[in-house]
Every structure is written in C-alpha cells, then in structure tokens.
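Summary of the model geometry
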Amino acid sequence: MDIVVKGRKTEVPERFRKHVAEKLKLEKIQKLDGKVISLDVEVSKEPNPRQADRCDRVEITLRSRGPVIRAEAAASDPYAALDLAAEKLEARLRRQHDKRFSRRGARRIPAAEVADHVPGVATLNGNGLVPTPEEEPEEAVPTKKIGSLEVQGDSPIVVREKTHVAAPMTLDQALYEMELVGHDFYLFVDSETKEPSVVYRRHAYDYGVIHLRTDTMVTQAHAPEAGGALGG
C-alpha cells in the first residue's frame, strides 16, 4: 500500500511528500488496522489573508474494510497541519483498535463480579440474593451550598447573588435609569412607598411597573413555624 499525496488548487513540493512518508509510518498504521486499503493525503490552501494562521489545511483519509477514518487540521504551514492531522488519525485508529480488541476479549462475568464491571447493577448479599431495602446500606447524600440554597447531591442549579446599594427614587427616575443602562427591566426602591418595585419594557415606549407590598398575614402563613402552631 502506498500513500497518495495530492494538492487541491496548490502545488505539493517533493520535500513535503517525503515528510508525509516519514510522518505516517505504514508499519505503525497497519499494526493498528491490518485491513488498510488506501491512505490519501490532500493539501489545500486558504487564499483569505485574514486566515493566515490557518491558511494550510491537510486532510488524511484512511480506507479499510471497516469504517473510513478521516482526520484534518489547519495551521500556518502544511507541516504543522500534517502533524496535527497525524495525531488525530492515530488517536482515532487507537480508539477503533481498542474497541475491536475489547469486543474480542469479552468473556462471561461471574455473578459475584457483575457489580464490579457493570455500574448501577444490583449487588447480592451473602446468600446470593438481591438484598431487601432493610438490608441495603444507606448512602450519605452529599450536601453543598449554592448561594443561600442548600442542595443535596449533584444539581445543575447555579445561583449567582448580587447586592446593590440603591437610594429610593421616583418612577420617572427608574424609567430613565432603565433606558440609560439599556435593560428591559429595572429594580428600584420606590421613594413614595419605600417598597421594592420593578419597571419593565412591554414594547416601544409602553412600560409596566410591579410593586411589592409587605403583608403581615401572608408572612405569617408562609412562616416555618406556622404549621406547628396549627397542629393542635
């Protein structure tokens, strides 16, 4: 099997062809895949001067009796691009080789060893049976602090807290501040009610405002100790 080197809209110097033969060692490739049929290397050049750092591209295509494996890379010169593409090709060849090897080396696993090889499988007790819920040991669930929240186990929740010092302002001033920062909403303390409020943009120059008012009855109904007080 020979390595075919060709250029797409560019000339390939003889020096580069020799470098390809030295870089892509056929013995090593055939050791990882003994059914290789052909190995093609295509070199192309990007004429756009804005992509000078990636102007040279090398694509390696390996065809065998199995799936086609391709690796490509771009760099400021063809030699660097070839090195990067060759590394990718070797990594993919090794992955394919290890996959075939693991399939061939598959064997039956004794029941006592299943838990060591298959994650999430039910374990057996000393009598060779699946333990009952009473027999299963309780695993401690890790707890972590996310902002002011306490979350158990792995959680995708992300909480970022920010505290701003703000002087009370009128509704007109809040609208002005919202336009100034270019946001679609603005949180402020109303100078008349001294309560937190939010102005928000509806469309064009149509705005809305939400006021929050403290209600002692609502606060008592949601208090943690309220449930215990009603238990008698």
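Residues numbered from 1 in each chain as written. Predicted model: local features only at pLDDT ≥ 70, side-chain atom pairs only at ≥ 80, totals over all residues. Heavy atoms only, no water.

1. A few points about the nonpolar core
Leu24, Val58, Ile60, Leu62 and Leu89 are the most contacted members of the largest nonpolar core, which has 24 residues in total. For this core, the elements supplying multiple residues, two or more each, are α1 (14–23), α2 (26–32), β2 (36–45), β3 (56–64), β4 (69–75) and α3 (78–104). Element by element, the count of residues in this core is highest for α3, at six residues. Setting aside residues up to four positions removed in sequence, isoleucine 60 forms contacts with Leu24, Leu39, Asp40, Val41, Ile69, Arg70, Ala71, Leu82, Ala85, Ala86 and Leu89. By size, the runner-up hydrophobic cluster in this structure holds seven residues, among which are Met169, Ala174, Met178 and Phe188. (Core = buried A, V, L, I, M, F, W, Y, C linked by side-chain atoms within 4.5 Å. Buried < 20%, exposed > 50% of the residue type's maximum accessible area, 1.4 Å probe, protein only. Helix = DSSP H or I, 4+ residues; strand = E, 2+ residues; numbered from the N terminus. Contact = heavy atoms within 4.5 Å.)

2. Some points on the sheet that holds β2
Here we have four strands laid out as an open sheet, ordered β1-β2-β3-β4, and mixed in their pairing. The outermost strands of the open sheet, each flanked by one partner alone, are β1 (3–8) and β4. The sheet shows a mean angle of 15° between the axes of neighbouring strands, taken without regard to direction. The sheet contact formed by β1 and β2 spans six bridges and is parallel. For valine 4, the partnering residue across the bridge sits in β2 and is aspartate 40. Packing of α1 onto the sheet brings it into contact with β1, β2 and β3, and relative to β1 it is tilted by some 140°. (Pairing = 2+ DSSP bridges. Axes fitted to C-alpha atoms, helices over the stretch in contact; angles between N-to-C directions.)

3. What to know about the pairing of strand β8 (residues 196–203)
Pairing of strand β7 (residues 185–189) with β8, which is carried by five bridges, proceeds in the antiparallel orientation. Of the residues in β8, the one forming a bridge with leucine 187 is valine 198. Hairpin connection from β7 to β8: six residues lie between these consecutive antiparallel strands, with lysine 194 at a positive phi of about 60°. Direction of pairing for β8 relative to strand β9 (residues 206–211): antiparallel, over a ladder of six bridges. If you follow valine 199 over to β9, its bridge partner there is valine 209.

This is a description of form; function is not addressed.
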